[in-house]
Amino acid sequence: MPNVVDAHLQVWNPDTVHYPWMTAENAGVHRTYRVPDIEDQLADEDVAWVVLVQAADNRADSELMLFQALSSPRVAGVVAWVPLDAPDAAATQLDKWRREPIVGIGHRGPSGHDSRDPVWLLGAAVDDSLTLLTERRLTLDLTAHTPTALAHVATLAENHPKLTVVLDHLGAPPLAALRAGDRDGWTRWSALLGAVAQMPNVVAKVSGLATAAGAGWTPDHLRPAVDRALEVFGPDRLMLGSDWPYALLQGDSYSQVWNGLRSTVDQLSDDDRAAVLGGTATQVYGLPFDSF
């Protein structure tokens, strides 16, 4: 039985790092969150390891995560940030971090603060950076906030077949709209997710679903997205992530979110459930970290 892994945990400190998304509407999480703040809950839920994932597209956020990794044996790896559109600078930064527990490079993408069309990820400069990640056996973690961005994930993965692409939050399924009876957006997302899953080098995180479902969610509100992900990816290409502390914006505790997500895979066989709960993350990220 592989270790249980929370594949999407974040830390932040708005006093020292700039988070463009941390606006007035997100004031509920405008404070410092550290790994020690969640240690008791992780122990209660038998989560052995966590992967820290960037909360901002800047170096200061990555340095904060690396500092946190030094203080907690539960941090098995870090998904950091480098400027993908500046390959020389990206290479220099990765060289400086060669002995750090970095297992992947992330990009949050357009989310209100980044007005660029996600097509920039398909540009020549970024192409060189992605080749660099492939050579160094690092993943590329992407958050696709829009259908256009989700469509680009498939194109990017096809252009770099040896690069492992990790799709965060299942590509933002419109669960709140589905709850309200609107199926148009759901049908489009479902088709796009299927297209992305056809790329064998893409894996996905079952994360961020409580936020997508909206206040008052229950596991039944999350299951349509999880069932579709299981259908197109299979358990060996899925991993579970709490999206803590961002999930606190819904007023949910870590245990509420984690148990809600876990319950959506209870019907799986022991081996398949073990893959989603830790096996996939362990294999994809090469946990625990070993220097490249």
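Once a new chain begins, its residue numbering starts again from 1 and follows that chain's sequence as written. This being a predicted model, a pLDDT of at least 70 is required before a residue's local features are given, and a value of 80 or more before pairs of side-chain atoms are given or counted; all residues contribute to the totals for chains, interfaces and linings. As a rule here, side-chain values come from all non-hydrogen atoms in the structure, and water together with hydrogens is ignored.

**Describing the overall build of the protein**
At step 1: Secondary structure counts use DSSP, requiring at least four H or I residues in a row for a helix and at least two E residues in a row for a strand, with both numbered from the N terminus. Helix and strand content of the protein: 11 helices and eight strands.
At step 2: In this description the radius of gyration comes from C-alpha coordinates, and the expected globular size is given by 2.2 Å times residues to the power 0.38. Its C-alpha radius of gyration of 17 Å places the protein within 12% of the 19 Å reference for a compact globule of 292 residues.
At step 3: Counting only C-alpha atoms, the protein reaches 45 × 45 × 40 Å along its principal axes.
At step 4: Only protein chains enter the accessibility calculation, which uses a 1.4 Å probe; a residue is then buried when its area is under 20% of its type maximum, exposed when over 50%, and partly exposed in between. By the burial criterion, 55% of the 292 residues in the protein qualify as buried.
At step 5: The long-range fraction of contacts in the protein, counting pairs at least 24 apart against all pairs at least 6 apart in sequence, stands at 79%.
At step 6: Of the side-chain charges in the protein, 21 are positive and 37 negative, and the distance between the mean point of each set is 2 Å. Any pair of residues with heavy atoms lying within 4.5 Å of one another is described as a contacting pair. In summary, the charge assignment counts Lys and Arg as positive and Asp and Glu as negative, without counting His or the chain termini. By convention, the charge on Lys lies at NZ, on Arg at CZ, on Asp at CG and on Glu at CD.

**Concerning the packing of helix H9 (residues 219-233) against helix H10 (residues 254-263)**
At step 1: It is at 9 Å that the axes of H9 and H10 come closest, and there the two elements cross at 50 degrees. What the angle tells us is that H9 and H10 run oblique. In terms of crossing hand, the pair formed by H9 and H10 is right-handed. Along the contact surface, H9 presents Pro219, Leu222 and Arg223, while H10 presents Gly260, Leu261 and Ser263.
At step 2: Residues belonging to the contact of H9 with H10 are distributed by class as follows: three nonpolar, two polar and one charged. Helix axes use the C-alpha atoms of the stretch in contact, all axes being lines fitted to C-alpha atoms, and the angles between their N-to-C directions lie in the range 0 to 180 degrees. Roughly parallel covers angles under 35 degrees, roughly antiparallel covers those over 145, roughly perpendicular covers 65 to 115, and oblique covers all other angles. Crossing chirality is assigned from the near helix's rotation relative to the far helix, an anticlockwise turn below a right angle marking it left-handed and a clockwise turn marking it right-handed. Classes in brief: Ala, Val, Leu, Ile, Met, Phe, Trp, Tyr, Cys and Pro nonpolar; Asp, Glu, Lys and Arg charged; the others, Gly included, polar.

**A look at the environment of Trp189**
At step 1: Along the polypeptide, Trp189 turns up in helix H7 (residues 184-197).
At step 2: On a C-alpha basis, the gap between Trp189 and Arg237 in space is 18 Å, while along the polypeptide they are 48 residues apart.
At step 3: Excluding its chain neighbours within four sequence positions, the residues that come into contact with Trp189 are Leu150, Leu170, Gly171, Ala172, Pro173, Pro174, Ala225 and Arg228.

**Here's the deal with helix H3 (residues 87-96)**
At step 1: Within H3, the full set of buried residues consists of Ala90, Ala91, Gln93 and Leu94. The buried residues of H3 occupy an angular sector of 165 degrees when the element is viewed end-on, so they sit on one face. Those residues of H3 that are exposed and aimed more than 90 degrees away from the buried face are Asp88 and Lys96.
At step 2: Close packing links the buried residues of H3 with helix H2 (59-71), strand S4 (102-107) and helix H4 (124-135). For this quantity, the arc is that covered by the directions from the helix axis to the C-beta atoms.

**Section: the pairing of strand S1 (residues 5-9)**
At step 1: Among the five residues that make up S1, five are buried, leaving the element largely enclosed by the rest of the structure.
At step 2: In this description, strands pair whenever DSSP reports at least two bridges between them. Where S1 meets strand S2 (residues 49-53), three bridges bridge the pair, whose relative direction is parallel. Note on S2: the bridge partner recorded for Val5 is Trp49.
At step 3: Handedness of a crossover is defined as follows: with both strands directed away from the viewer, a clockwise route from the first strand across the helix to the second makes it right-handed. Crossover S1 to S2 through helix H1 (residues 39-44) is right-handed.

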